[in-house]
Amino acid sequence: MLLLKSVLKHHLPAMTGIILLNLLSACLGIFTISYINQSLVQESSPQTGLAKLAGLLIALLLVTLAAQWTLTALGHHFIWKKRSRMVLQLLGMSPDRLEQQGHGELLSMLGPDIRNITLAFVRLPELIQGIVLGVVAIGYLGYLSLPVLAIVMVWMGLTFYSGYRMVARVYLHLREVRNYETDLQDVFQVVIHGNKELALDPARARHFYENDYQQAALGYRQHIIRADSFHLSAINWSNIMMLGLIGLIFLASQAMGWISGTVATSFSLTVLFLRSPLLQAIGAWPTLLSGELAFKKIGGMLAADQETLPDTDVSLPAGWQTLRWENLSWHYPQSGFSVGPVTTRLNRGEIVFIIGANGSGKSTLSQMLTGLYASPGAGVWLDDQPLTTAALKSLFSVVFTRPYLFRTVFVSPESEDDASAELWLDKLGLAGKVSIENNQLSTLDLSQGQKKRVALLLALAARRDILFLDEWAAEQDPQFRRYFYRELLPWFRAQGKTLMIISHDDDYFDVADRVLEMHQGQLRELTAEQRDNASRDVISQLGR
Ligand SMILES: Nc1ncnc2c1ncn2[C@@H]1O[C@H](COP(=O)(O)OP(=O)(O)OP(=O)(O)O)[C@@H](O)[C@H]1O
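So, here is what we can say about the structure in this document. (Residues numbered from 1 in each chain as written. Predicted model: local features only at pLDDT ≥ 70, side-chain atom pairs only at ≥ 80, totals over all residues. Heavy atoms only, no water.)

With that settled, consider the packing of helix α3 (residues 46-92) against helix α9 (residues 261-302). The interhelical angle for the contact between α3 and α9, taken along N-to-C directions, is 30°, at an axis separation of 11 Å. Put simply, α3 runs roughly parallel to α9. Crossing of α3 against α9: the hand is left-handed. Of α9, the residues touching α3 (which contributes F78, K82, M86, Q89 and L90) are F295, I298 and L302. By residue class, the composition of the contact of α3 with α9 is six nonpolar, one polar and one charged. (Axes fitted to C-alpha atoms, helices over the stretch in contact; angles between N-to-C directions. Helix = DSSP H or I, 4+ residues; strand = E, 2+ residues; numbered from the N terminus. Parallel < 35°, antiparallel > 145°, perpendicular 65-115°, else oblique. Left-handed = near helix turned anticlockwise from the far one by under 90°. Contact = heavy atoms within 4.5 Å. Nonpolar A, V, L, I, M, F, W, Y, C, P; charged D, E, K, R; others polar.)

Quick look at the sheet that holds strand β9 (residues 466-470) now. Taken in spatial order, the six strands line up as β6-β9-β10-β3-β11-β12 in an open sheet, and their pairing is mixed. For this open sheet the edge positions go to β6 (396-399) and β12 (522-525), each flanked by a neighbour on one side alone. Across the sheet, the mean angle separating the axes of adjacent strands is 20° when strand polarity is ignored. Two strands pair when backbone bridges link them, and strand β3 (residues 351-356) and strand β11 (residues 514-519) are joined in this way by five bridges, in the parallel orientation. Note on β11: the bridge partner recorded for G356 is M518. Here helix α10 (residues 362-369) sits on the sheet in contact with β3, β6, β9, β10 (498-502), β11 and β12, set at roughly 140° to β3. This element, helix α14 (residues 478-494), spans β3, β9 and β10 of the sheet and lies at about 135° to β3. (Pairing = 2+ DSSP bridges.)

Quick look at the site of the ligand now. Around the ligand there are 14 residues in total, and S335, G359, K362, S363 and T364 lie nearest to it. Here N358 contributes a side-chain N or O atom positioned 2.9 Å from an oxygen atom of the ligand. Here an oxygen atom of the ligand sits 2.7 Å away from a polar atom, N or O, in the side chain of K362. Within the complex, 69% of the 630 Å² of free accessible area of the ligand lies under protein. (Near = heavy atom within 4 Å. Polar contact = N/O pair within 3.5 Å; in protein donor to acceptor, adjacent residues only side chain to side chain. Areas by Shrake-Rupley, 256 points an atom, 1.4 Å probe, with all protein chains shown as cover.)

We now examine the nonpolar core. M109, I117, F121, V152, I249, F267 and L302 are the most contacted members of the largest nonpolar core, which totals 53 residues. Here this core takes 16 residues from helix α5 (residues 103-144), the largest share from any one element. Ranked by size, the runner-up nonpolar core spans 44 residues in total, among them L444, V454, F480 and I501. (Core = buried A, V, L, I, M, F, W, Y, C linked by side-chain atoms within 4.5 Å. Buried < 20%, exposed > 50% of the residue type's maximum accessible area, 1.4 Å probe, protein only.)

This part is about the side chain of S145. Position of S145 among the secondary structure elements: in the loop between α5 and α6 (146-193). Residues within four places of S145 in sequence aside, it is in contact with I259 and F267.

Spatially, the four strands line up as an open sheet ordered β2-β1-β4-β5, and their pairing is antiparallel. Two strands in the sheet have a free side with no partner beyond their single neighbour: β2 (338-347) and β5 (385-386). Of the pairings in the sheet, the one linking strand β1 (residues 322-331) to β2 comprises seven bridges and is antiparallel in character. Paired with H331 across the strands is S338, a residue of β2.

In structure tokens, the structure reads:
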């Protein structure tokens, strides 16, 4: 089992201690049975017998609990480390890989998968206890009678082989359950994010419920029922076979005369003592299989990803003048759309517009320029110094078309930040609507246009040299849009910012120092004449 192997690899001393504790617990258990059956009645007085029995039981209880508690604590420690590593890996994952994995898959991983691994650890003590107890009990039974042990072993072998076949079916169905779990996560996302559209359109809601949801939910139900049925069959089968074994032991004693009645009783007591831990171990098996499946799934998805936080200590020359990209290219295998090769530059203090028709590749280009999409074979230079991807990213603050808003404004607050934030709130027309207390935004319950303004404030608070805004003004009212192009952009430049703006607002192209046009994945810079032509409807003239 991969899960168990990984625990053993990373926590060998702790696991050795736990197995030894389980061994001690098993030996104490078997010794207690032997004592009850053979020595208790021979004690000098009932009080002595009772005291010894109580001592043995207390020792057994303490050792068993210690073994189980230690394993459970180790399990939760393992889960904590695993979850932390996963979050680090996701934080370092490039956006394109994140998109490829799919949201349902990622949510399954962070939710049900981790829960299943946790449950596997909760049940692991039962499995280990069952196995260790089984081994110790076999040793004890062999000491009592080898021929009867042979019968017990054959019988138990038959029992567990058939149980194993049933559990193998459980595994198959659990794999399907895991796939349907991902589909369900996708469906839940639709329920939450498509809530308004579904609320307005009952026919679509019904169609979604009857098709998408039911397909995932029924598939899940079908396979979980089968998995549980095989699991219960395995438990009942093993239970009944154990009772049959006791009959067989007495038969060996009475009919064959292989062992005395006392030894037969010892055998039966041991089998009965074993029965419950063994059944628990079998019961724990599917939970462990689910944990194993989840562990493999996570390992498969995140194996190659780094488990460290990205480096924040990136130094850049303070007075850089030109940023240059060479041969950037990108290809989406899913849609077949390609961008590039793109070679372009950005001079410090410039305002550069990127224009182009819908779907021409502007947003894709923004991810390539800012280092979010890695282009193999490309080069980026800052004043003839080659730049690493981390250094390139550290130059940009980006407001995406659908930005995520964090409540914390400054990541490393400085003394003059309060004054800067007040000024930005005022400039962005947010004063009186949003305030900042203890470096936290007072509210995010805002209109779409206001949310975009908050996103711009957060981008300013990141204190990067270049502001990259993707169709930022699209949700702004005409008055604020005009203010943004005519006053805010020049003000940002006066504050030392370099600006790259994706825009469809052809009324304001004159604000830009340079205009770059995307057309079917290719970038070109417009000449002065083309820019003049583009004054009103550049997209219809040049793009389509
Ligand atoms: N995640 C994706 N997977 C596959 N293909 C994609 C993905 N995102 C975009 N594309 C493809 O890339 C093309 C360009 O998309 P992009 O978002 O870069 O265009 P855009 O110029 O920013 O468009 P718009 O003006 O509408 O925002 C799309 O037409 C689509 O075919």
